[in-house]
Amino acid sequence: MSFPASAKSRVKMSVLSAALDVLLTADPRSKAACARRMHSTWRETKVIGSFPPSLPDQPARPEKPDLVSPMDVPRRRLGSPAGRGALLHAVAHIELNAIDLAADMIARFTLHPSLHEDDRDRFVSDWASVCDDEARHFILLADRLAELGVCYGDHPAHNGLWQAAQSTRDNFPARVAIAPLVLEARGLDVTPGMIKRLTGAGDKTSADILQIIYNEEISHVATGARWFKYLAAQQTDTPESYFHQLVRNHFKGQIKSPFNETARTLAGLSRAYYEPLSVN
Ligand SMILES: [Fe+2]
Ligand SMILES: [Fe+2]
């Protein structure tokens, strides 16, 4: 018996194999396209699939940018197009990492025993939607960089985000605590300042792009907070002290104030989560 071509591709395209495709695609725009396709296919088919045979420790990446220590990434002055290009390049790099983090969340944890079978669809829908947003963010920035005469890969970047992911690859609650609730929440703290600086430098086009990203990142942190509370409900500790314990054990960086309390509260992250971890 033969199937029509579209039926065949639907059978093949489980979300777990689509997430693996995202991780294994090196070219940044192709990775973003894979992420967007994963989201639309998932919405259409709702096929989870089975565990990929193995997940990469490092997602595929282009040869450039060079990855350096965060200390070696130069500070950007925004008075010139080159300075603004360097800042937007750094944000584009974060968005590319964020595509991989969302795809890895799906590929690695959808079949985790802490996730009840009835909740898997909701989990995948949430992270496929985040992955789609991150892909759009990357493309918006890559297009804007092109207008400024910069190509993604032209500046060095750091690998701190993926290192944080690696240290939680075997711990589902720690991954949810750290990727959205420490790293993405940090984005909520610093992005309004970047928008202000870009606006002050007369670059409203770039400021508007960061504003779109900022608004959507609040919902990513909210997604993380919802799933963290779901996982924390399976523990005897309070969600807040469980969060502190996971961050202290799995995150090597510092939790820095000042915090954007308004955005964090909107995302469902009260001060009791992050203030006790703050270094200053
Ligand atoms: Fe993003
Ligand atoms: Fe995000």
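Only a predicted model underlies this, so the values are computations on that prediction, with no experimental measurement involved.

**A closer look at the overall build of the protein chain**
Logical step 1: What the protein chain contains, in helices and strands, is 11 helices and two strands.
Logical step 2: For the protein chain, the N- to C-terminal ordering of α and β elements is α-α-α-β-α-α-β-α-α-α-α-α-α.
Logical step 3: Scaling as 2.2 N^0.38, a compact globule of 280 residues should have a C-alpha radius of gyration of about 19 Å, and the protein chain matches this with 19 Å.
Logical step 4: In the protein chain, of all internal contacts separated by at least 6 residues, the share reaching a separation of at least 24 is 79%.

**Observations concerning the nonpolar core**
Logical step 1: Ala19 and Ile99 are the most contacted members of the largest nonpolar core, which has 75 residues in total.
Logical step 2: For this core, the leading source of residues is helix H4 (residues 81–109), giving 16 residues.
Logical step 3: In contact with Ile99, other than residues within four places in its own chain, are Val22, Lys31, Ala32, Ala35, Cys131, Glu134, Ala135 and Phe138.

**Things to note about the packing of helix H7 (residues 172–200) against helix H9 (residues 239–250)**
Logical step 1: Following both chains from N to C, one finds H7 and H9 inclined at 85 degrees, their axes separated by 9 Å at the closest point. As judged from the angle between their axes, H7 and H9 are roughly perpendicular. Judged by residue contacts, Pro173, Ala174, Ala177, Ile178 and Val182 of H7 engage Phe243, Leu246, Val247 and His250 from H9.
Logical step 2: Among the residues making up the contact of H7 with H9, the classes are represented as eight nonpolar, one polar and no charged.

**Re helix H2 (residues 15–24)**
Logical step 1: Counting buried residues in H2 gives seven out of 10 residues, a clear majority hidden from the surface.
Logical step 2: Tucked inside the fold, the buried residues of H2 contact helix H3 (28–45), H4 and helix H5 (120–147).

**Quick look at the confidence of the model for the protein chain**
Logical step 1: Residues of the protein chain with pLDDT of at least 70 account for 95%, and the chain-wide mean is 92.
Logical step 2: Confidence drops under pLDDT 50 across residues 1–10; counting only partners more than four residues distant or on other chains, this segment forms two contacts.

**Here we look at the environment of Val73**
Logical step 1: Its location among the elements puts Val73 in the loop between strand E1 (67–68) and H4.
Logical step 2: Residue Val73 is classed as partly exposed on the basis of its 19 C-beta neighbours within 10 Å.
Logical step 3: The spacing of Val73 and Thr191 is 118 residues in sequence and 18 Å in space, taken between C-alpha atoms.
Logical step 4: Setting aside residues no more than four positions away along its own chain, Val73 makes contact with Val68, Ala90, Pro156, Ala157 and His158.

**Considering the packing of H3 against H4**
Logical step 1: The contact between H3 and H4 brings their axes to 10 Å, and the two run at 40 degrees. Taken together, the axes of H3 and H4 lie oblique to each other. Here H3 runs over H4; the crossing is left-handed. Residues Pro28, Lys31, Ala32 and Ala35 of H3 form the contact with H4, whose own contacting residues are Leu96, Ile99 and Ala103.
Logical step 2: In the contact of H3 with H4, the residues fall into six nonpolar, no polar and one charged.

**A word on the environment of Cys131**
Logical step 1: As for its placement among the helices and strands, Cys131 is situated in helix H5.
Logical step 2: C-beta crowding within 10 Å serves as the criterion here: with 29 such atoms nearby, Cys131 is assigned to the buried category.
Logical step 3: Filtering out sequence-adjacent residues up to four positions away, Cys131 remains in contact with Ala35, Met38, His39, Ile99, Ala102 and Ala103.

**Some words on unusual backbone geometry**
Note: most peptide bonds trans; most residues except glycine with negative phi.
Logical step 1: Going from Lys64 to Pro65, the amide bond is cis rather than trans, its omega being 10 degrees.
Logical step 2: In this structure, Pro258 follows Ser257 across a cis peptide bond, with omega equal to 0 degrees.
Logical step 3: For Pro258, the location among the structural elements is in the loop between H9 and helix H10 (261–266).
Logical step 4: Although it is not a glycine, Lys46 adopts a positive phi angle of roughly 55 degrees.
Logical step 5: Looking at the element boundaries, Lys46 is found in the loop between H3 and E1.
Logical step 6: Its 13 C-beta neighbours within 10 Å are what place Lys46 among the partly exposed residues.

Calculation rules
Residues numbered from 1 in each chain as written. Chains lettered and ligands numbered in written order. Predicted model: local features only at pLDDT ≥ 70, side-chain atom pairs only at ≥ 80, totals over all residues. Helix = DSSP H or I, 4+ residues; strand = E, 2+ residues; numbered from the N terminus. Rg over C-alpha atoms; globule rule 2.2 N^0.38 Å. Contact = placed C-beta atoms within 7 Å. Core = buried A, V, L, I, M, F, W, Y, C linked by C-beta atoms within 7 Å. Buried ≥ 20, exposed ≤ 12 C-beta atoms within 10 Å, placed from the backbone. Axes fitted to C-alpha atoms, helices over the stretch in contact; angles between N-to-C directions. Parallel < 35°, antiparallel > 145°, perpendicular 65-115°, else oblique. Nonpolar A, V, L, I, M, F, W, Y, C, P; charged D, E, K, R; others polar. pLDDT = per-residue confidence, 0-100. Left-handed = near helix turned anticlockwise from the far one by under 90°.

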